[in-house]
Amino acid sequence: PTVLPAAHEPMLLLAITEFVANSAAFAYFTAGALRRNISSNMLPRQFPLQLRTKSMGVFSPQLQERYPDQPMELHLSARRQPLLSCHPDALHGALFSSAEAFVVLPNATRVPAFLLNIDANVTGKPTITGNRLGGTPCLRRGPLCLPHAGLMGLPVLQVKRLETLLKFGLWLFGVPWANSECCPHPVP
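Quantities reported herein were computed from a predicted structural model and do not represent experimental measurements.

Novice: Any chance you could explain the overall build of the protein here in plain terms?
Specialist: Within the protein, the regular secondary structure consists of four helices and eight strands. Along its sequence from the N terminus, the protein presents helices and strands in the succession α-β-α-α-β-β-β-β-β-β-α-β. Buried positions account for 31% of the 188 residues belonging to the protein. Look at the contacts in the protein between residues 6 or more apart in sequence, and 57% of them connect residues 24 or more apart. When the accessible area of the protein is evaluated, it comes to approximately 12,100 Å², of which 63% is carbon and sulfur surface.

Shown next, in the form of structure tokens:
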């Protein structure tokens with residue numbers, strides 16, 4: 001049981017336990033709501049990796065040879081339920097996902113290219129500055145990508161290089177986006 005502090009003046013106190021957060025994650029995972037398809041037009045132009053076979057050719061030259069400069073799609077989904085743990089100084093999350101890449105042919109047919117398992121450990125530290133409630137998400141150290149298999153006869157990608165680029169992209173775009181979307185919110 002969680003002991004809540006005594007209120008000496010009017011205030012709003014919000015307490016969410018790990019059980020509630022993990023139950024919500026289980027419900028979303030079970031319902032299939034933790035899926036997202038990303039097409040090339042959804043990425044910022046500054047993103048270091050565009051979803052085209054030309055860009056992915058760095059990691060799998062056979063992909064560019066077989067499908068020259070074709071658009072691609074990524075289908076992201078959770079492989080397992082995300083896990084959340086609460087600590088006095090931060091919230092810790094473990095994400096277990098898959099990224100399946102497809103080449104989009106001119107007739108709109110999608111050809112499977114490769115599948116990566118992407119696991120990430122994330123820490124979010126809540127902050128209060130003045131009358132603003134904020135937070136700082138960050139990736140914890142550890143491997144991010146694990147190759148599952150090359151599809152359609154293509155060899156598995158050079159995963160270390162792709163992992164480095166993904167981490168760079170997450171730090172450059174993902175963390176600032178999470179901070180701008182989630183924080184800061186005014187505190188009354």
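The rest of the description comes next.
Novice: When you look at the pattern of salt bridges in this model, what are you seeing that I'm missing?
Specialist: Oppositely charged side chains can pair when the atoms bearing their charge come close. Tallied over the entire structure, the rule returns three salt bridges. In this structure, Arg52 engages Asp69 in a salt bridge whose closest nitrogen and oxygen atoms are separated by 3.0 Å. Of the two residues, Arg52 sits in the loop between strand S1 (35-39) and helix H2 (53-56) while Asp69 sits in the loop between helix H3 (61-66) and strand S2 (72-78), which places them 17 residues apart along the sequence. The residue Arg110 makes a salt bridge to Glu73 at a minimum N-O spacing of 2.7 Å. Of this pair, Arg110 sits in strand S5 (residues 110-129) while Glu73 is found in strand S2, placing the two residues 37 residues apart along the sequence. Arg110 sits in the partly exposed class, given a relative accessible area of 38%. Given the relative accessible area of 12%, Glu73 is considered buried.

Novice: Looking at this structure, how should I read a nonpolar patch on the surface?
Specialist: Taken together, the side chains of Ile16, Phe19 and Val20 present a nonpolar region at the surface, about 340 Å² in accessible area. Along the polypeptide, Val20 turns up in helix H1 (residues 18-30).

Scoring rules and cut-offs
Residues numbered from 1 in each chain as written. Predicted model: local features only at pLDDT ≥ 70, side-chain atom pairs only at ≥ 80, totals over all residues. Heavy atoms only, no water. Helix = DSSP H or I, 4+ residues; strand = E, 2+ residues; numbered from the N terminus. Buried < 20%, exposed > 50% of the residue type's maximum accessible area, 1.4 Å probe, protein only. Contact = heavy atoms within 4.5 Å. Areas by Shrake-Rupley, 256 points an atom, 1.4 Å probe, with all protein chains shown as cover. Salt bridge = Lys/Arg side-chain N within 4 Å of Asp/Glu carboxyl O. Patch = residues over 30% accessible without salt bridge, like charges linked within 9 Å, V, L, I, M, F, W, Y side chains within 5 Å.

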